[in-house]
Amino acid sequence: MTAAAAAEKRRRADLAKIHIGKEAMGLDRAAYEDMLEAVTGERSSAGLDRTGRRKVLAHMQAKGVRFRPKRQRRPRPRPAPERERLIRKIDALLIDAGNRPRLYAERILRRMTRHPHDAPLEWAKPPQLLKVVQALEIEKRRREARARAREEAA
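All values reported here derive from a predicted model rather than from experimental measurement.

Right, let's talk about the pattern of salt bridges for a bit. Applying the stated criterion across every chain, the model contains 16 salt bridges. Across the salt bridge formed by glutamate 8 and arginine 11, the nearest N and O atoms sit 3.5 Å from each other. With glutamate 8 and arginine 11 both in helix H1 (residues 3-25) and three residues apart, the pair spans about one turn of that helix. The class for glutamate 8 is partly exposed, based on a relative accessible area of 31%.

Before going further, it helps to spend a moment on the packing of aromatic side chains. Under the counting rule described, the total for this entry stands at zero aromatic pairs. Looking at lysine 17, its charged tip hangs above the ring of phenylalanine 67, at a distance of 5.2 Å from the centre. Cation over ring: lysine 22 sits above tyrosine 32, and NZ or CZ is 4.9 Å from the ring centre.

Along the chain, the position of arginine 83 falls in helix H4 (residues 81-96). Of the side chains with opposite charge, glutamate 82 lies nearest to the buried arginine 83, which makes no salt bridge, at 4.7 Å. Dropping the residues within four chain positions of it, arginine 83 is found in contact with Glu122, Ala124, Lys125, Pro126 and Leu129.

Moving on: the environment of methionine 1. In this fold, methionine 1 is placed in the segment before H1. Among all residues touching methionine 1, those that are not within four sequence positions of it are Ala6 and Lys9.

Moving on, we get to helix H2 (residues 29-40). The α-helix winds at 3.6 residues per turn, so residues separated by three or four positions along the chain end up facing the same way. Look at H2: 16 Å from first C-alpha to last across 12 residues, which is about the 16 Å you get at 1.5 Å a residue. Tyr32, Glu33, Met35 and Leu36 are the residues of H2 that are buried. Across the axial projection of H2, the buried residues extend over an arc of 160 degrees, all falling on one side. Residues of H2 that are buried sit in contact with H1 and helix H3 (50-62).

Once that is clear, we can look at unusual backbone geometry. Here the phi dihedral of asparagine 99 falls at roughly 60 degrees; this positive angle occurs in a residue that is not glycine. On the secondary structure map, asparagine 99 appears in the loop between H4 and helix H5 (102-113). Its identity as a non-glycine residue notwithstanding, arginine 114 has a phi of 55 degrees, on the positive side. Mapping arginine 114 onto the fold places it in the loop between H5 and helix H6 (126-153).

The biggest cluster of nonpolar side chains holds 14 residues, and the ones touching the most others in it are Ile90, Ala105, Leu121, Leu129, Val132 and Leu136. Secondary-structure elements contributing two or more residues to this core are H4, H5 and H6. A total of five residues in this core trace back to one element, the largest contributor, which is H4. Excluding its chain neighbours within four sequence positions, the residues that come into contact with leucine 136 are Ile90, Leu93, Leu94, Tyr104 and Ile108. Among the nonpolar cores identified, the runner-up in size contains 11 residues, and Ile18, Met35, Val56 and Val65 belong to it.

Another point: the packing of H4 against H6. At a closest axis distance of 10 Å, the pairing of H4 and H6 adopts a crossing angle of 20 degrees. The angle between H4 and H6 falls in the class roughly parallel. Where H4 crosses over H6, the two elements pack in a sense that is left-handed. Here H4 contributes Glu82, Arg83, Leu86, Ile87, Lys89, Ile90, Leu93, Leu94 and Asp96 to the contact with H6, which in turn contributes Pro126, Leu129, Leu130, Val132, Val133, Leu136, Glu137, Lys140 and Arg143. Taken together, the residues of the contact of H4 with H6 sort by class into 11 nonpolar, no polar and seven charged.

About the cut-offs
- Residues numbered from 1 in each chain as written.
- Predicted model: local features only at pLDDT ≥ 70, side-chain atom pairs only at ≥ 80, totals over all residues.
- Heavy atoms only, no water.
- Salt bridge = Lys/Arg side-chain N within 4 Å of Asp/Glu carboxyl O.
- Helix = DSSP H or I, 4+ residues; strand = E, 2+ residues; numbered from the N terminus.
- Buried < 20%, exposed > 50% of the residue type's maximum accessible area, 1.4 Å probe, protein only.
- Phe/Tyr/Trp six-rings, centres within 6.5 Å; stacked < 30°, edge-to-face > 60°.
- Lys NZ or Arg CZ within 6 Å of the ring centre and 35° of its normal.
- Lys, Arg positive; Asp, Glu negative; His and termini not counted.
- Contact = heavy atoms within 4.5 Å.
- Expected span 1.5 Å × (residues − 1).
- Arc of directions from axis to C-beta.
- Core = buried A, V, L, I, M, F, W, Y, C linked by side-chain atoms within 4.5 Å.
- Axes fitted to C-alpha atoms, helices over the stretch in contact; angles between N-to-C directions.
- Parallel < 35°, antiparallel > 145°, perpendicular 65-115°, else oblique.
- Left-handed = near helix turned anticlockwise from the far one by under 90°.
- Nonpolar A, V, L, I, M, F, W, Y, C, P; charged D, E, K, R; others polar.

Right under this line is the structure:
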């Protein structure tokens, strides 16, 4: 990444934080522009240089705005070999069901096991994964039957 690209990325991140802070402070457009002018002399955050953006962010933090760090996503755990085949089958059924997210299958697993939290499919035991596969196949048959009924009705 070039220095110019990194600077532009930082600029966009700062502007995003400024607008998040504006919403957190509950400022309308006029009040926001007045605050910018009082802090930096500009009425638009687009015209601010790095120092001006830092001043605005410091001012917002002084007024009580808290910026939370971006939540880091952990990589999915690698499934054990005996589970990998079933997980690939689940992924294929999800794609066949209209490209549903994997969270859909994880929620099915959660309901079947009555576990209070979502857990990755990689943590499930093979018999539990087999039940998720069966549930997705039942849903697939129902979807196909509805499609056939619509075709016959038309």
